[in-house]
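Remarks on the overall topology
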Amino acid sequence: MKNQKTIRRVRLLSFLTEAFLLFAAVLLICWKVNFVASVFAAAAAIPMFLSLYLTVRLERLAGNELEISRTVLAKSDAEMKYRIEHDDLMGLPNRRIAEEYLSEHLVNSDMYSVLIADIDGFKTVNESYGRRMTDSVLINIGDTLKALNRERGWFIARYGGDEFLFLIENLH
């Protein structure tokens, strides 16, 4: 909130400075030309110039604000899409995305291996050491699986609590 007030003050100061410079330029023109006739013309023209100037400035500001809003919205949309499609803890694609990926890629005539792996005894680890420890273990496993994904190009997703799906394209 304080930052927005500062921005408004800077914009107002900028506007007033530019308006003053415009007014000074009009007066300078009046000084150089026939002063009396020019002062009346300038007095009539100043509101028009200021109105035009203000309109242009406001359109620029509105355009900037609109562009900022669009950027923030696009970033927010991308973040929301990522959160919908990925597991919060591990950052791997979730079950819904895994099923969509399977339905898209298993239609082709290519050969794939589909593996589902789970962590044996994970419930015991959870009961013995608690959620913090199991979350830490899952995060480490997720990092390892993401590295494997980058190295080998396999599709890997978290399919359930301690279950992972691998889709591996057969290369022979």
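So, how was this worked out
- Residues numbered from 1 in each chain as written.
- Predicted model: local features only at pLDDT ≥ 70, side-chain atom pairs only at ≥ 80, totals over all residues.
- Heavy atoms only, no water.
- Phe/Tyr/Trp six-rings, centres within 6.5 Å; stacked < 30°, edge-to-face > 60°.
- Helix = DSSP H or I, 4+ residues; strand = E, 2+ residues; numbered from the N terminus.
- Lys NZ or Arg CZ within 6 Å of the ring centre and 35° of its normal.
- Buried < 20%, exposed > 50% of the residue type's maximum accessible area, 1.4 Å probe, protein only.
- Contact = heavy atoms within 4.5 Å.
- Salt bridge = Lys/Arg side-chain N within 4 Å of Asp/Glu carboxyl O.
- Axes fitted to C-alpha atoms, helices over the stretch in contact; angles between N-to-C directions.
- Parallel < 35°, antiparallel > 145°, perpendicular 65-115°, else oblique.
- Nonpolar A, V, L, I, M, F, W, Y, C, P; charged D, E, K, R; others polar.
- Expected span 1.5 Å × (residues − 1).
- Arc of directions from axis to C-beta.

Notes on the packing of aromatic side chains
The tally for this structure, following the rule as stated, stands at two aromatic pairs. Aromatic pair tryptophan 154 and phenylalanine 166: ring centres 6.5 Å apart, planes at 80°, arrangement edge-to-face. Taken together, the positions of tryptophan 154 in the loop between helix H5 (131-152) and strand S2 (155-158) and phenylalanine 166 in strand S3 (residues 163-169) put the pair twelve residues apart, joining distant regions of the chain. Across from the ring centre of tyrosine 159, 4.1 Å away, lies the NZ or CZ of arginine 95, which sits over that ring.

Quick notes on the side chain of asparagine 94
Within the secondary structure, asparagine 94 is located in the loop between helix H2 (35-85) and helix H3 (95-105). Taking relative accessible area as the criterion, asparagine 94 reaches 17% and is therefore assigned buried. The contacts of asparagine 94, once residues within four sequence positions are left out, are Ile84, Glu85, His86, Asp87, Ala157 and Arg158.

Some details on the environment of methionine 111
Looking at the secondary structure, you find methionine 111 in the loop between H3 and strand S1 (112-118). Counting along the chain gives 59 residues from methionine 111 to asparagine 170, while the straight-line C-alpha distance between them is 5.4 Å. Setting aside chain neighbours within four positions, we find methionine 111 in contact with Ile168, Glu169 and Asn170.

What about the pattern of salt bridges?
If you walk through the whole model with that rule in mind, you get six salt bridges. Among the ionic pairs, glutamate 79 bridges to arginine 83, the shortest N-O distance being 3.6 Å. Here glutamate 79 and its partner arginine 83 are both found in helix H2, four residues apart, which amounts to about one turn of the helix. Residue classification places arginine 83 among the exposed positions, given a relative accessible area of 54%. Salt-bridge contacts for arginine 95 lead to glutamate 99; the nearest nitrogen and oxygen are separated by 3.2 Å. Note that arginine 95 and glutamate 99 are positioned in helix H3 at a spacing of four residues, about one turn of the helix. Relative accessible area serves as the criterion here: at 39%, arginine 95 is assigned to the partly exposed category. For glutamate 99, a relative accessible area of 40% gives the class partly exposed.

Overview of the packing of helix H4 (residues 122-129) against H5
Running from N to C, H4 and H5 cross one another at 135°; their axes reach a closest spacing of 7 Å. The pairing of H4 with H5 is recorded here as oblique in orientation. Contact residues: Phe122, Val125, Asn126 and Tyr129 in H4; Arg131, Met133, Thr134, Val137 and Leu138 in H5. Here the residues of the contact of H4 with H5 sort into six nonpolar, two polar and one charged.

A closer look at H5
Think of an α-helix as turning once every 3.6 residues; residues three or four places apart then point the same way. If you check H5, its first and last C-alpha atoms are 31 Å apart, about what 22 residues at 1.5 Å a residue would give, namely 32 Å. The set of residues buried in H5 consists of Thr134, Leu138, Gly142 and Leu145. Relative to the axis of H5, the buried residues are bounded by an arc of 80° and lie together on one face. Residues of H5 that are exposed and point over 90 degrees away from its buried face: Arg132, Thr144, Arg150 and Glu151. Looking at the packing, one finds that the buried side of H5 touches H4, S2 and S3. Backbone geometry just after H5 places glycine 153 at a positive phi near 80°.

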